[in-house]
Amino acid sequence: MRIAQVSPLFESVPPNGYGGTERVISYLTEELMRQGQEVTLFAAGDSRSAARLVSCVRSSIRNSVLDQSWLAYHLIQIDMVARMADEFDVIHFHTDALHFPLARTLAAPHVSTLHGRLDFPHLAPLYRHFSDVPVVSISDSQRRPLPHANWRATVHHGLPTDLYAFQPDAGDYFLFVGRLSPEKRVDRAVEIARRCGRPLYVAAKLNKEEESYFNERLKPLFRHPLVTYLGEVGETEKRELLQHAAALLFPIDWPEPFGLVMIEAFSCGTPVIAYRNGAVPEIVEDGVTGFVVCSQDEAVRAAQRIDTIDRHACRAAFESRFTAARMAANYLQVYRQLLSH
């Protein structure tokens, strides 16, 4: 099958640091190639892939988010996809709704995976207007605000089975990985670690628009002797941190569409303590791969008994539910359904 994968340009594929969407696109692209599919990847020019790479920009444009120049590059990319559309059996977009006005005229079947939150009021009329455009959710929870959208499937993310090594013996520290944005609630993670008397490593990306929040709210918390702030880390360092953590703390305060770092933790055998928001109940099996909580008191009690979670069970859940091979198989099923209509 000739498949086009269309990535955002904000990060390379895969990203060098934080970038969940581009990381998933990389895993999917490489797995499809491994299974013998013919894949073209539309992405930033510094991407690395076994697929044919087509790019309209030399390198990723993370820093263009604030000056709006990102829009120009993405419009160029969408036009390139449209001009090449007859070369593909299926076009798979990962660019939110930016391409929707053009999608109806494409010379090939297409589908769009929606990677972000969908509960904003302005999205309801948008997806009602484009109710014929086929879309895929990354969790059942994510799609609830838009029941009228043209949902074709829910496909959970997946990772290569050899990306992380299973580590049966836990270290003594807790770990937070993510963005330093208010909804990710690293402040809750600090409180949980402090109340348990456990070290906490914070490996997190700081966006420019969140610097004031960081300086006013988080810096004082990070001065505690149990807390080590590492900043944004690369894949190798993140792998080491995840493999040896006693638990990943995921105390979110927003409707998380998926939470890729949770399955990264499972692949290492590391359990997750997460708040019951968004996709968390779909991903974490309470009492099996971690604990799903609703308050700080619950989170602290869960953290104090985290050693009761079998790390082998975490790895087994990853292998049965969250591999790249399973993800690719589910997307191939979506592609075949599109081609059969």
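Up top is the structure.
Quick notes on the rules
Residues numbered from 1 in each chain as written. Predicted model: local features only at pLDDT ≥ 70, side-chain atom pairs only at ≥ 80, totals over all residues. Heavy atoms only, no water. Helix = DSSP H or I, 4+ residues; strand = E, 2+ residues; numbered from the N terminus. Rg over C-alpha atoms; globule rule 2.2 N^0.38 Å. Buried < 20%, exposed > 50% of the residue type's maximum accessible area, 1.4 Å probe, protein only. Expected span 1.5 Å × (residues − 1). Arc of directions from axis to C-beta. Contact = heavy atoms within 4.5 Å. Pairing = 2+ DSSP bridges. Axes fitted to C-alpha atoms, helices over the stretch in contact; angles between N-to-C directions. Parallel < 35°, antiparallel > 145°, perpendicular 65-115°, else oblique. Salt bridge = Lys/Arg side-chain N within 4 Å of Asp/Glu carboxyl O.

A. Quick look at the overall build of the chain. A count of helical and extended segments in the chain gives 13 helices and 13 strands. Its C-alpha atoms give the chain a radius of gyration of 20 Å, near enough to 20 Å, the size a compact globule of 341 residues would have. In terms of principal-axis extent, the alpha carbons of the chain reach across some 60 × 40 × 35 Å. When each of the 341 residues of the chain is scored for burial, the buried share is 55%.

B. Summary view of helix α2 (residues 70–84). In this model, α2 (15 residues) spans 22 Å end to end at C-alpha, consistent with the 21 Å of a helix rising 1.5 Å per residue. By the burial criterion, the buried members of α2 are His74, Gln77, Ile78, Val81 and Met84. Down the axis, α2 shows its buried residues gathered within 130° of arc, on one side only. The inward-facing, buried residues of α2 abut β1 (2–6), β2 (38–42), β3 (52–54), β4 (90–93) and α3 (100–103).

C. Quick look at the sheet that holds strand β6 (residues 134–137). Spatially, β3-β2-β1-β4-β5-β6-β7 is the arrangement adopted by the seven strands of the open sheet, whose pairing is parallel. The sheet is open, and its two borders are formed by β3 and β7 (150–154), each paired with just one other strand. Within the sheet, the average angular offset between the axes of one strand and its neighbour, ignoring direction, is 25°. Where strand β5 (residues 110–114) meets β6, three bridges bridge the pair, whose relative direction is parallel. Paired with Ser112 across the bridge in β6 is Val135. Strands β1, β2 and β4 of the sheet are contacted by helix α1 (residues 20–34), whose axis makes an angle of about 155° with β2.

D. Spotlight on the packing of α1 against helix α13 (residues 324–340). Where α1 meets α13, the closest approach of the two axes is 9 Å, and the angle between their N-to-C directions is 80°. As summarised for this structure, α1 and α13 are arranged roughly perpendicular, according to the angle between their axes. Facing Val24, Tyr27, Leu28, Glu31 and Leu32 of α1, the residues of α13 in contact are Ala324, Ala325, Met327, Ala328, Tyr331, Leu332 and Tyr335.

E. Spatial organisation of the environment of Ser7. Along the chain, Ser7 falls in the loop between β1 and α1. For the pair Ser7 and Phe42, spaced 35 residues apart in the sequence, the C-alpha separation amounts to 6.0 Å. The residues contacting Ser7, other than those within four sequence positions of it, are Val13, Glu22, Ile25, Phe42, Ala43, Gln77 and Thr95.

F. How the structure looks around unusual backbone geometry. In this model, Val13 is joined to Pro14 through a cis peptide bond whose omega is -5°. Structurally, the position occupied by Pro14 is in the loop between β1 and α1. The backbone of Asp96 sits at a positive phi, close to 55°, despite the residue not being glycine. Looking at Asp96, the relative accessible area reads 46%, which means it is partly exposed. In the Ramachandran plot, Arg185 falls in the positive-phi region, its phi being about 55° despite a non-glycine side chain. Looking at the element boundaries, Arg185 is found in the loop between β8 (174–179) and α6 (186–196).

G. Quick peek at the environment of Leu126. Topologically, Leu126 is positioned in helix α4 (residues 123–129). Classification of Leu126 by relative accessible area gives partly exposed; the value is 27%. Sequence spacing of Leu126 and Ala149 is 23 residues, and the spatial spacing of their C-alpha atoms is 9.5 Å.

H. Inspection of the pattern of salt bridges at higher detail. Using the criterion set out here, one finds 21 salt bridges in the structure. A salt bridge links Lys184 to Glu256; its shortest N-O distance comes to 3.0 Å. Residue Lys184 is located in the loop between β8 and α6, and its partner Glu256 is located in the loop between β11 (247–250) and α9 (260–268); the two are separated by 72 residues in the primary sequence. Taken individually, Lys184 and Glu256 each receive the classification buried, so the pair is uniform in this respect.

I. Quick look at the pairing of β8. Among the six residues that make up β8, six are buried, leaving the element largely enclosed by the rest of the structure. Looking at chain direction, β8 and strand β9 (residues 200–205) are connected through six bridges and run parallel. Across the sheet, Arg179 pairs through a bridge with Lys205, a residue of β9. The pairing of β8 with β11 spans two bridges and is classified as parallel. Bridge pairing links Leu175 to Leu248 in β11.

J. Representation of the sheet that holds β11. Taken together, six strands build an open sheet; the order of strands is β10-β9-β8-β11-β12-β13 and the sheet is parallel. On the outer flanks of this sheet lie β10 (227–231) and β13 (290–293), each paired with one strand and no other. Across this sheet, the average inter-strand angle for adjacent strands is 20°, counted without regard to direction. Against the sheet, helix α8 (residues 235–244) touches β8, β9, β10 and β11, its axis set at about 140° to β8.

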